[in-house]
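Single-letter residue listing:
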Amino acid sequence: MQEDIRLFIEYLQIEKNCSQHTVINYQVDIDDFVEFMRQQGLDLFAAVSYVHVRHYLTILHEKKYARKSVARKVSTLRSLYRFLIREERLEQNPFKTASLPRQNKRLPKFFYAEELEELFEVSDLNTPLGQRNQTLLELLYGTGIRVSECCGLTLKDIDLSIETILVRGKGRKERYVPIGSYAIESLDHYLNSGRKTLMKTKEHDKLFVNYKGDPLTDRGVRKVLKKMIESTSLTMNITPHMLRHTFATHLLNEGADLRAVQELLGHSQLSTTQIYTHVTKDRLQQMYRNFHPRA
């Protein structure tokens, strides 16, 4: 089994070009299933039958795994078996007919424009950290990039002359994303003032840095945003992904093309972008007033 797993992990890294984070998730899911196999006295992937698969899913249910987590595990193991069949190391895929649990459809949480305005007024632009925080907020909301993509940005990825940034997304895919006038102004101020002060004696090319001058991490970004919203009258929680949701929602509510938003977000499937096609109550009321004869 270890040889099967090793070949599959190499396939993910080399052929699929998956990120390290994705590979780790696959490895965790496989290790979890291998532990189940050992408890059942199974020492080969070929020994697993559909009955074993159903038993495994029952155990996950009893452990109260979220539907999304169960679906991910089934998808991982289905991919593993599909690969092993392709490599002629197995003949059957017991996960082929395993049904994925139906997902709860939840609308993405997002900010209204008025709420964002208050958030943009929090930072003290006379301080290095204030300049960094404002730039961080401008980029996350103004481009819709993921927090990992944001933390991975380097100085050479920023081109203010053509108003774009180079983003490295999931699966190491690269895309160019335009940046607006507010983000450009904030970036220019931060690069020429705040970042230089924060860097002190440090030397690296990461765009965002912490108070020590070291690269800002995902966790650091979340702490920054939490402190920012605590300085407002807003009562909701904030996450980097919420700003990504807000970016997509605002674009679509204003009439942006779904395909264009898909490209900006770096989604490989249009169906992933379609979760943002919900509309706000304000937008519904506006459409009703504009188009209904009796409005």
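Up top is the structure.
This report concerns the structure included in the present document. (Residues numbered from 1 in each chain as written. Predicted model: local features only at pLDDT ≥ 70, side-chain atom pairs only at ≥ 80, totals over all residues. Heavy atoms only, no water.)

**Overview of the state of the cysteines**
Threshold: Cysteine sulfur atoms are paired as a disulfide whenever they come within 2.5 Å of each other.
Counting across every chain of the model gives zero disulfides. Among the cysteines around Cys-150, which has no disulfide bond, Cys-151 carries the closest sulfur, lying 5.7 Å off.

**Quick notes on the nonpolar core**
Most often, soluble globular proteins keep nonpolar side chains buried together rather than apart. For clarity, the cut-off: Put simply, buried Ala, Val, Leu, Ile, Met, Phe, Trp, Tyr and Cys residues joined by side-chain atoms within 4.5 Å make one nonpolar core. For the exposure calls, accessible area comes from a 1.4 Å probe over protein chains only, and a residue counts as buried if that area is under 20% of its type's maximum, exposed if over 50%, partly exposed in between. Numbered from the N terminus, helices here are DSSP runs of H or I no shorter than four residues, and strands are runs of E no shorter than two. Contacts are assigned to residue pairs with any non-hydrogen atoms lying within 4.5 Å of each other.
Among the nonpolar cores identified, the biggest contains 46 residues, and Leu-139 and Ile-165 are the most heavily contacted of them. When residues in this core are grouped by element, the largest group, six residues, is from helix 8 (residues 181-199). If sequence neighbours within four positions are ignored, Leu-139 has contacts with Gly-144, Ile-145, Leu-153, Ile-165, Ile-179, Ala-183, Leu-187, Leu-207 and Phe-208. With 30 residues, the next largest nonpolar core counts Val-34, Phe-36, Tyr-56 and Val-74 among its residues.

**Description of the pattern of salt bridges**
Definition in use: When a carboxyl oxygen of Asp or Glu is within 4 Å of a side-chain nitrogen of Lys or Arg, the pair counts as a salt bridge.
Counted under the stated rule, the structure contains 13 salt bridges. For the salt bridge of Arg-6 with Glu-3, the shortest nitrogen-to-oxygen distance reads 2.6 Å. Placement of the pair is Arg-6 and Glu-3 together in helix 1 (residues 2-15), with a separation of three residues, close to one helical turn. For Glu-10, the salt bridge identified is with Arg-6, shortest N-O distance 2.6 Å. Here Glu-10 and its partner Arg-6 are both found in helix 1, four residues apart, which amounts to about one turn of the helix. For Glu-10, a relative accessible area of 33% puts it in the partly exposed group. What emerges from the salt-bridge pattern is a single network uniting Asp-29, Asp-32, Arg-72 and Lys-73.

**Side note on unusual backbone geometry**
Of note in the backbone geometry, Asn-17 takes a positive phi value of approximately 55° without being a glycine. Relative to the helices and strands, Asn-17 is located in the loop between helix 1 and helix 2 (20-39). For Asn-17, a relative accessible area of 26% puts it in the partly exposed group. One non-glycine residue, Lys-64, lies in positive phi territory at about 60°.

**Comments concerning the packing of aromatic side chains**
Convention followed: Think of it this way: a Phe, Tyr or Trp ring, Trp meaning its six-membered ring, pairs with another when their centres are within 6.5 Å, and the plane angle makes it stacked under 30 degrees, edge-to-face over 60, tilted otherwise.
Scanning the entire structure with this criterion turns up 13 aromatic pairs. Look at Phe-8 and Tyr-26: their rings are 5.9 Å apart centre to centre, the planes differ by 65°, and that puts the pair in the edge-to-face class. Of the two residues, Phe-8 sits in helix 1 while Tyr-26 sits in helix 2, which places them 18 residues apart along the sequence. Grouping residues by exposure puts Phe-8 and Tyr-26 together as buried. With 5.1 Å between their ring centres and 50° between their planes, Phe-36 and Tyr-56 make a pair best called tilted. Here Tyr-56 lies in helix 3 (residues 50-62) and Phe-36 lies in helix 2, a separation of 20 residues in the sequence. Side by side, Phe-36 and Tyr-56 carry an identical accessibility label, which is buried. In this structure an aromatic cluster arises from ring pairing among Phe-33, Phe-36, Phe-45, Tyr-56, Tyr-81 and Phe-95.

**With respect to the sheet that holds strand 1 (residues 158-159)**
Applicable threshold: Two strands pair if DSSP finds at least two bridges between them.
Spatial ordering of the open sheet is given by 1-2-3, a layout of three strands whose pairing is antiparallel. With one partner strand each, in any of the chains shown, strand 1 and strand 3 (174-178) form the two edges of the open sheet. In the sheet, strand 2 (residues 164-168) pairs with strand 3 via five bridges, with the strands oriented antiparallel. By the bridge assignment for strand 3, Val-167 is matched with Arg-175.

**Comments concerning the pairing of strand 2**
In terms of residue burial, strand 2 counts as a mostly covered element, since four of its five residues are buried. Strand direction decides the pairing type here: strand 1 and strand 2, joined by two bridges, are antiparallel. Residue pairing for strand 2: Asp-159 is matched across the bridge by Thr-164. The turn linking strand 1 back onto strand 2 is made up of four residues, and Glu-163 within it adopts a positive phi angle of 60°. Taken together, strand 2 and the strand that follows it, strand 3, pair antiparallel across an intervening segment of five residues, in which Gly-171 is found at a positive phi of about 65°.

**Comments concerning the environment of Ile-184**
Within the secondary structure, Ile-184 sits in helix 8. Sequence-wise, Ile-184 and Phe-110 are 74 residues apart; in three dimensions their C-alpha atoms are separated by 23 Å. Leaving out residues up to four positions away in the same chain, Ile-184 has contacts with Leu-160, Glu-163 and Ile-179.

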